[in-house]
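Chain and residue survey
Chain by chain, the residues run as shown.
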Amino acid sequence: MAGKREGDRETDGALDFVTVTVADLRLALPLPAVRAVIRLPELVRIPLGPPSLDGLAHWHGDAVPVLDLAKALGRPGGAEPTRETRVVLVGHHGQTGSQTVGLRVDAMAGILRSEPDRIDPVTQEEGGLDPAMLDGLLRDGPATILKLDALIDRQFGDPAEMERTDRGTASAGFGPVPAGGTGAAGGIKGTVDRQALLVFEVAGQEFALPVDRVREVLPAPREVTRMARSRAHLLGVMAVRDRLLPLVGLRALFGLEAGEGHESSGLAAGRRVVVVRSGGGQAPVGVLVDEVREILRLDPALIDPVPPLLAREPEFEDLDGIARADGGAAGGGRRLVSVLSAERLFRHGAAIGAEGGAAEAVGEGDGMEPARPADGSNGIGGAGERFVVFRLAGAEYGLPVSAVREVLRRPDSITPLPNAPDFVAGVLTLRGEVLPLIDQRRLLNLPAADTATALSKSGPAGLERGRVVVVGRDGLLVGLLVDGLSGLLTVPAERIGPAPAVSAAQRRLIRRVATLDVAGDAAGAARLILLMDADSLLDMDRLADLPVTPR
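Quick summary incoming for the structure in this document. (Residues numbered from 1 in each chain as written. Predicted model: local features only at pLDDT ≥ 70, side-chain atom pairs only at ≥ 80, totals over all residues. Heavy atoms only, no water.)

1. Points about the overall build of the chain
Helices and strands together make up the secondary structure of the chain, namely 12 helices and 35 strands. Per-residue burial for the chain yields a buried fraction of 53% across its 551 residues. Excluding contacts between residues fewer than 6 apart, the proportion of contacts in the chain whose partners are at least 24 apart in sequence is 64%. Surface summary for the chain: the accessible area is close to 23700 Å², and the carbon and sulfur share equals 50%. (Helix = DSSP H or I, 4+ residues; strand = E, 2+ residues; numbered from the N terminus. Buried < 20%, exposed > 50% of the residue type's maximum accessible area, 1.4 Å probe, protein only. Contact = heavy atoms within 4.5 Å. Areas by Shrake-Rupley, 256 points an atom, 1.4 Å probe, with all protein chains shown as cover.)

Right under this line is the structure:
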């Protein structure tokens, strides 16, 4: 076949191809376009993509979209993977830029070399495939040569529409977060002076820490290294990005019921470590908790000091006060949250070093404080950006802390709003402000939560753990219905990159992605967090006009 094909090295020599099998097809991919062939990795679903998009994979620090090649070619796809299933990573050069794309195939057949005169042109529909996506027929295969850029461009939508979306949407949303603060002052009427608290649960009891003292929230490690001669509540140290973090257990510190997953018998799945920063140059300290509940903004008058009779007892020295989270007398005074003292936690963390001989490992200079310069080796970096991270349909999403006003429990009932767009579940009243509630699953075209099979003692798990993330700016407020709250996270700038462009709708709402190592995972697993654009979530007209691809 005369002429230069996509990915050819030269026009007059032998051409190399990677051959694969997909459903009933045998296909050839130009070898110069193939970057790697890997086993099927763990995938994170990205919303608003084409039906052929399986999700995002982590590859060499990048978030790579993976397409089911069978679906992309109009064949039945989605089959269960086998030992032969592979993902072929290819370089895609579209009109919106270059990126790596994964193609899921049933098996890799091999590598084939062919002379140009052994390649026949495509003159008609071949095997039910659109000729516009084909670049010839290999006689020696036999195999059909795919035109990769044309195939991928067709899956990811109209490039011109993506360019218009890129020009019309701010990339970060709400600007950078000031170091050492919550970045969320203003917005809601009367909340400028409210105290922001991160609320979490330990052994059925609620505790809190000021948001501006929380650096991030991490999944609990599988193992914690105990230090010699340390007291029961000083659990030891855990590895975080090649550095050591002292860990304090609240169960033993406050003498709470041990129950399942007690610190001394291993860490239960799903628990979290709240990383507390001093703001004064001291090393941060981790606090092991059972679950991160919400972010509340309370009038300081609703945070009372510890009663004098209790304050004299040693076990209450670790509390800064007790918050009436239900509004005090008006709410019946039934919900009390113990506010922890960050300073006391730092003294506990220092005690691990003093008693266990690890002072040098966890003391000054461990590099985890956001004000420290990047060392360029472990991904800790400089100040980075702070995000509120929440869960939705098995994936994690993030919003800048400066955009999030608070995170609330999902209400028992929601007032419907007539003639509202389908993704608006209703309205909620928050301290006199009425805000629309956006069902994120509907907005992002994700499947509805399965409450039939996920039951707990108190009802459907999806409703029990559900949260409302309140986003606001310049008097505009919306509530986002999500599955659960993961917590706060500081992401180094070098770990944030552009999200793969899979559709115009996705580019409008999800423009960046954070790629992080999983703390304590020796296998080098990655954690992908999809970063949403806060400005776009506040524009109801643009949300209603999102060009969503049916799944």
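2. What to know about the pattern of salt bridges
This model, assessed by the stated rule, comprises 23 salt bridges. The closest approach of N and O atoms between Glu-294 and Arg-409, which form a salt bridge, is 3.2 Å. Linking Glu-294 in strand 19 (residues 291-298) with Arg-409 in strand 25 (residues 404-409), this pair joins segments that are 115 residues apart in sequence. By relative accessible area, Glu-294 is classed as buried at 2%. Notably, a salt bridge pairs Glu-385 with Arg-512, separated by 2.9 Å at the nearest N-O pair. Residue Glu-385 is found in strand 23 (residues 385-392), and its partner Arg-512 is found in strand 34 (residues 510-517); the two are separated by 127 residues along the sequence. Taken together, the shared-partner salt bridges connect Glu-201, Glu-206, Glu-291, Arg-293, Glu-294, Arg-335, Arg-409 and Arg-467 into one network. (Salt bridge = Lys/Arg side-chain N within 4 Å of Asp/Glu carboxyl O.)

3. Considerations on the sheet that holds strand 16 (residues 243-249)
Strand order in the open sheet formed by 5 strands is 14-17-18-16-15, with mixed pairing between adjacent strands. At either margin of the open sheet sits one strand with a lone partner, and together these are strand 14 (214-219) and strand 15 (234-240). Pairs of neighbouring strands in the sheet enclose a mean axial angle of 30°, with direction left out of account. With 5 bridges joining them, strand 14 and strand 17 (residues 272-276) adopt antiparallel strand pairing. Paired with Glu-216 across the bridge in strand 17 is Val-275. (Pairing = 2+ DSSP bridges. Axes fitted to C-alpha atoms, helices over the stretch in contact; angles between N-to-C directions.)

4. As for the sheet that holds strand 33 (residues 496-498)
Spatially, 6 strands are ordered 32-23-24-35-34-33 in an open sheet, and the strand pairing comes out mixed. Two strands lie at the open edges of the sheet, namely strand 32 (484-491) and strand 33, each paired on one side alone. Sheet twist, expressed as the mean angle between neighbouring strand axes with direction ignored, is 35°.

5. Considerations on the side chain of Asp-16
Tracing the backbone shows Asp-16 in strand 1 (residues 15-22). Residue classification places Asp-16 among the buried residues on the basis of a relative accessible area of 12%.

6. Examining a nonpolar patch on the surface
A contiguous nonpolar patch, built from Val-37, Met-108 and Ile-111 and spanning about 250 Å² of accessible area, is present on the exposed surface. Mapped onto the elements of the fold, Ile-111 is located in strand 8 (residues 107-114). (Patch = residues over 30% accessible without salt bridge, like charges linked within 9 Å, V, L, I, M, F, W, Y side chains within 5 Å.)

7. Some points on the packing of aromatic side chains
What the rule picks out here adds up to 2 aromatic pairs. Between the aromatic rings of Phe-207 and Phe-254, the centroid separation amounts to 5.2 Å while the plane-to-plane angle is 25°, which identifies the pairing as stacked. Placement of the pair is Phe-207 in strand 13 (residues 205-210) and Phe-254 in helix 4 (residues 250-254), with a sequence separation of 47 residues. Each of the two residues, Phe-207 as well as Phe-254, counts as buried. (Phe/Tyr/Trp six-rings, centres within 6.5 Å; stacked < 30°, edge-to-face > 60°.)

8. Quick word on the pairing of strand 1
Counting buried residues along strand 1, 7 of its 8 residues qualify, which places the element largely inside the surrounding structure. Of the pairings in the sheet, the one linking strand 1 to strand 8 comprises 7 bridges and is antiparallel in character. The residue of strand 8 that forms the bridge with Val-18 is Ile-111. In terms of strand pairing, strand 1 meets strand 2 (residues 25-30) through 6 bridges, oriented antiparallel. Residue pairing across strands places Val-18 opposite Leu-29, the latter belonging to strand 2.

9. Observations concerning the environment of Leu-69
Looking at the secondary structure, you find Leu-69 in helix 1 (residues 69-72). On the basis of relative accessible area, Leu-69 is assigned to the buried category, the value being 0%. When the C-alpha atoms of Leu-69 and Leu-53 are compared, they prove to be 9.0 Å apart, with 16 residues separating the residues in sequence. Contact partners of Leu-69, with chain neighbours within four places excluded, come to Val-22, Leu-27, Leu-103, Arg-104, Val-105, Leu-146 and Leu-151.

10. Considerations on the environment of Ala-14
Positionally, Ala-14 belongs in the segment before strand 1. On a C-alpha basis, the gap between Ala-14 and Asp-117 in space is 9.4 Å, while along the polypeptide they are 103 residues apart. When neighbours within four sequence positions are excluded, Ala-14 is seen to be in contact with Arg-113, Ser-114 and Glu-115.

11. Describing the side chain of Ser-52
With respect to the helices and strands, Ser-52 occurs in the loop between strand 3 (34-39) and strand 4 (53-59). Every residue in contact with Ser-52, bar those within four places of it in the chain, is listed here: Val-66, Leu-67, Asp-68, Lys-71, Ala-72 and Gln-155.

12. Re the nonpolar core
Where a protein is soluble and globular, its nonpolar side chains tend to be buried together. The biggest cluster of nonpolar side chains holds 97 residues, and the ones touching the most others in it are Leu-69, Val-274, Tyr-397, Leu-399 and Leu-509. With near-sequence residues (within four places) excluded, Val-274 lies in contact with Leu-198, Phe-200, Leu-209, Val-214, Glu-216, Val-217, Val-285, Gly-286, Val-287 and Val-289. (Core = buried A, V, L, I, M, F, W, Y, C linked by side-chain atoms within 4.5 Å.)

13. Concerning helix 2 (residues 148-156)
Every buried residue belonging to helix 2 is among Leu-148, Asp-149, Leu-151, Ile-152, Gln-155 and Phe-156, and all of these are buried. For helix 2, the angular spread of buried residues about the axis comes to 160°, placing them on one side. The positive-phi residue at the C-terminal boundary of helix 2 is Gly-157, with phi of around 95°. (Arc of directions from axis to C-beta.)

14. Some thoughts on the environment of Asp-62
As for its placement among the helices and strands, Asp-62 is situated in strand 5 (residues 62-68). The partly exposed category is assigned to Asp-62, whose relative accessible area is 43%. In sequence terms Asp-62 and Ala-499 are 437 residues apart; their C-alpha atoms lie 9.3 Å from each other.

15. Describing the pairing of strand 13
Along any regular strand the residues' side chains alternate between the sheet's two faces. The element strand 13 is largely enclosed, with a buried count of 5 among its 6 residues. Alignment of strand 12 (residues 195-202) against strand 13, held across 6 bridges, turns out to be antiparallel. Across the sheet, Leu-197 pairs through a bridge with Pro-210, a residue of strand 13. Hairpin connection from strand 12 to strand 13: 2 residues lie between these consecutive antiparallel strands, with Ala-203 at a positive phi of about 55°. As paired elements, strand 13 and strand 22 (residues 336-340) share 2 bridges and run parallel to each other. From the neighbouring strand, Ala-208 faces strand 22, where its bridge partner is Val-339.

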